[in-house]
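# Structural features, examined
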Amino acid sequence: MSLPGTAQYDVRERGAVGDGDELDTEPIQRALDECAETGGTVHVPPGEYRTEPLRVGDDTTLHLDAGATLQFERDFAAFPSVESRWEGWDQVGFHPCLWVADAENVAVTGRGTIDGNGDYWWDFYHMPESEYPEGLRERLAEFDDRNGKSDDVSSFTLRPPLFQISGSENVTVSGVTLRNSPFWNTHVVYSENVTLHDVNVENPADAPNGDGIDIDSSRFVRVSDTYINAGDDAICIKSGKNAEGREVGRPAAQITVTNCTVEAGHGGVVIGSEMSGDVRDVTVTNCTFTDTDRGVRIKTQRDRGGVVEDLCFDTIVMRRVACPFVINGYYFTDIDSDPLPVDDGTPLVRNVHFHNVTAREVSYAGFLAGLPEQPFEGISFSDVRIDATRPLDATDHRPAMADNYEASHTFFAKSLADVTFTDVEIRTPESPGLAFEEVDSVSIDGLRFRGDAPSPAVTVSDVGETRIRGCAASSPTQAFLRASGSETERVSLCGNHGEFEAHVDIDESADVTLEQS
């Protein structure tokens, strides 16, 4: 008898055929169930295994050899109804293709492939209900009745994720390729101590809700040396939505992402928009984002509530990204709005730091927008290079999904408590490089603004205090800073090159105290 943790369970020995025609669900699930009783390894040799949804239990290593593919069934009726979380709410939906649920000490390893046959499900996204296959409308009606939810979440989002780790602890995923997910590709929810290393995550660009990796109300999660080509956000961090998310109150926290390569997606690393249970203590280092709609993207809106805090993004290279930096408090809402009372539904973003970032061939230099009733705070950029000379019409995407904003190459910031730029270079074909509106405090040290229209480099409107240090005007006659607005109060100049006071243009609408040292 094998000792616990050493037993081997070969799915072929239990009757799996692996010819792509025979349905192999029963022998594979039997091997997984037997393994969960004693611990050990379920071995999947080379072959194409057509299967219905599978569940992995305790103390199990599921090992897929190179050349082995789990090919999930193209039949919604084969997917039972289960309770899980979809887009920030606990709901009933279709069983994940591969599910690690309420388990400990699990590994999914090898060089094999897990394929969700997502195109079967994606067709439903575009299909009129009148053309649904028999029984699908009834299943979706069942979900609506049992869930009782009404929001932007509709039944099509209850398609199964390809791979979900739910309510589990000590889970490692390495080597495998996860592709063609019906919904999100890899979803880590309500789990702890999860490692994803050297994984390939692949969804085509037209995969609806085709996120790469979603880390949802989970702690101690590590993603490293992973390749992602996603149909939506590549790596996304979430923690529940609105009142329910706040009531559940499980943050996404202690998360590291390192040495990852993102080839395509709506965002390289994304926070939200479901962040009502808080997101904190996130570090992203040594990554490349290419051809993503946005680079680092934080998105929220009124009624989400929650706090996003203590995030560090270090040593990142972006290329052909529409907008490299997005912090958006107006996700799918109007940016031109009056302050509202602060309550539990008012979100806050604070202490977000970007260091050693290079962004080339981008259209929009950046977009930061807090809320007038709750300015976002503690945002900093240091040693950052932005080349925002890519034509605006090179992309169909705005810098952020916020309404009533006229986009330009400029780095735009609004409704912040404080923001700092240190040793930042911005190149745009238009002026200004940086534009601030309704910000309490702006600090700029060593800004280099380059482009065809170099004046002014910076505009401030209704900014309480502006500090300019270590900067140089591009020419003896042009303004570096233009200030306007009745709330603009103080401009401090220190350690700049030349008589910098001559390069500050103060509009008559501003009553500014100008200090130079």
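In this convention, every chain numbers its residues from 1, walking through the sequence in written order. Totals for whole chains, interfaces and linings use all residues, but because this is a predicted model, local features are given only for residues with pLDDT of at least 70 and pairs of side-chain atoms are given and counted only at 80 or more. Think of the side-chain values as coming from all heavy atoms in the structure, minus any hydrogens and water.

Next up on the list: the layout of surface pockets. Cavity means a closed set of points on a 1 Å grid over the protein atoms alone, one where a 1.4 Å probe fits but cannot get out, pocket means an open set with protein on both sides within 12 Å along at least 5 of 7 lines, and lining means a residue has an atom within 4 Å of a point. Grid points are joined across faces, edges and corners, and a volume is the space filled by probe spheres set on the points. Approximately 530 Å³ is the volume attributed to the largest pocket. In terms of lining residues, the largest pocket is bounded by 26 residues, among which E87, N209, D232, Y331 and F332 are the most central. Each helix is a run of DSSP H or I of at least 4 residues and each strand a run of E of at least 2, with the numbering of both proceeding from the N terminus. Only β22 (233-238) and β26 (292-299) provide two or more residues apiece to the lining of the largest pocket. The class makeup of the residues in the lining of the largest pocket is 10 nonpolar, five polar and 11 charged. Each residue is assigned to one of three groups, with Ala, Val, Leu, Ile, Met, Phe, Trp, Tyr, Cys and Pro labelled nonpolar, Asp, Glu, Lys and Arg labelled charged, and all others, Gly among them, labelled polar.

For the rest of this paragraph, the subject is the nonpolar core. Side-chain atoms within 4.5 Å link the members of a nonpolar core, which is a set of buried Ala, Val, Leu, Ile, Met, Phe, Trp, Tyr and Cys residues. Categorising residues by exposure relies on relative accessible area from a 1.4 Å probe, with only protein chains included: less than 20% of the type maximum marks a residue as buried, more than 50% marks it as exposed, and the intermediate range marks it as partly exposed. Judged by nonpolar contacts, the single largest core of 132 residues is most densely connected at L62, F381, F411, V419, F436, L447 and V458. With residues up to four places along the chain from it excluded, the contact list for F381 reads F325, F354, L368, F411, V419, T420, F421, T422 and V424. Grouped together as the second largest cluster of nonpolar side chains are 12 residues, Y364, A400, A402 and F412 included. Whether two residues touch is decided by their heavy atoms; if any such pair falls within 4.5 Å, the residues are in contact.

In low-pLDDT regions, the fine details of the predicted coordinates are not to be read closely. A residue's pLDDT is simply how confident the predictor is in it, with values from 0 to 100. Per-residue confidence for the protein chain averages 94 on the pLDDT scale, and 98% of its residues sit at or above 70. Under a pLDDT of 50 for its full length, residues 1-5 has, in the predicted model, five contacts with residues more than four places off or in other chains.

Take the state of the cysteines next. Disulfides are defined as cysteine sulfur pairs within 2.5 Å. Enumeration over the complete set of coordinates arrives at zero disulfides. The thiol sulfur of C471 is not disulfide-bonded, and the nearest other cysteine sulfur, from C494, lies at 11 Å.

Moving on: the packing of aromatic side chains. Two aromatic rings are characterised by how far apart their centres lie and by the angle between their planes. Classification of ring pairs rests on two measures: the distance between centres of Phe, Tyr or Trp rings, Trp counted by its six-membered ring, which must be within 6.5 Å, and the angle between planes, read as stacked under 30 degrees, edge-to-face over 60 and tilted in between. Scanning the model with the defined rule gives 22 aromatic pairs in all. The interplanar angle of 70 degrees and the centroid separation of 6.2 Å between the aromatic rings of F124 and Y132 together place this pair among those described as edge-to-face. Judged by its relative accessible area of 16%, Y132 is buried. Here the aromatic rings of Y405 and F412 are separated by 4.9 Å at their centres, their planes lie at 40 degrees, and the arrangement is tilted. Note on Y405: relative accessible area 18%, which makes it buried. Taken together through their ring pairs, the aromatic side chains of F79, F94, Y120, W121, F124, Y132 and F143 make up a single cluster. Look at NZ for Lys and CZ for Arg. If either is within 6 Å of the ring centre and within 35 degrees of the ring normal, a charge sits over the ring. When the ring centre of W99 is taken as reference, the NZ or CZ atom of R55 above it lies at 4.8 Å. Across the ring face of W89, the terminal group of K241 is positioned such that the distance to the ring centre comes to 4.6 Å.

This brings us to the pattern of salt bridges. Salt bridges, as used here, are contacts in which a Lys or Arg side-chain nitrogen is within 4 Å of a carboxyl oxygen on Asp or Glu. Counted under the stated rule, the structure contains 30 salt bridges. Among the ionic pairs, E142 bridges to R146, the shortest N-O distance being 3.1 Å. With E142 and R146 both in helix α3 (residues 136-147), this residue pair falls four residues apart, about one helical turn. For D233, the salt bridge is made with R297, and the minimal N-O distance between the two is 3.0 Å. Taken together, the positions of D233 in strand β22 and R297 in strand β26 put the pair 64 residues apart, joining distant regions of the chain. Take R297: its relative accessible area is 3%, and that puts it in the buried class. The network of salt bridges with shared partners includes D278, R280, E309 and R350.

This part is about a negative patch on the surface. Where like charges cluster on the molecular surface, the negative patch consists of D334, D336, D338, E437, E438, E487, E489 and D511. Residue position: E489 is located in the loop between β39 (481-484) and β40 (490-494). Judged by relative accessible area, E489 falls into the partly exposed class, the value being 47%. Residues forming no salt bridge and having over 30% relative accessible area are the ones grouped into patches, like charges within 9 Å of each other and nonpolar side chains (Val, Leu, Ile, Met, Phe, Trp, Tyr) within 5 Å. Every accessible area reported is derived by Shrake-Rupley at a probe size of 1.4 Å, with residue values counting cover from the shown protein chains alone. By the counting scheme adopted, Arg and Lys are positive, Glu and Asp are negative, and His together with the chain ends is not counted. Taken as the charge location is NZ of Lys, CZ of Arg, CG of Asp or CD of Glu.

Turning next to the pairing of strand β10 (residues 98-101). Of the two faces of β10, both are covered, the one formed by L98 and V100 as well as the one formed by W99 and A101. In the sheet, strand β5 (residues 54-56) pairs with β10 via three bridges, with the strands oriented parallel. The partner of R55 across the bridge, within β10, is W99. Bridge analysis of β10 against strand β13 (residues 163-166) gives four bridges, and the strand direction is parallel. The residue bridging W99 from the neighbouring strand is Q164, located in β13. The pairing criterion is simple: DSSP has to find at least two bridges between the two strands.

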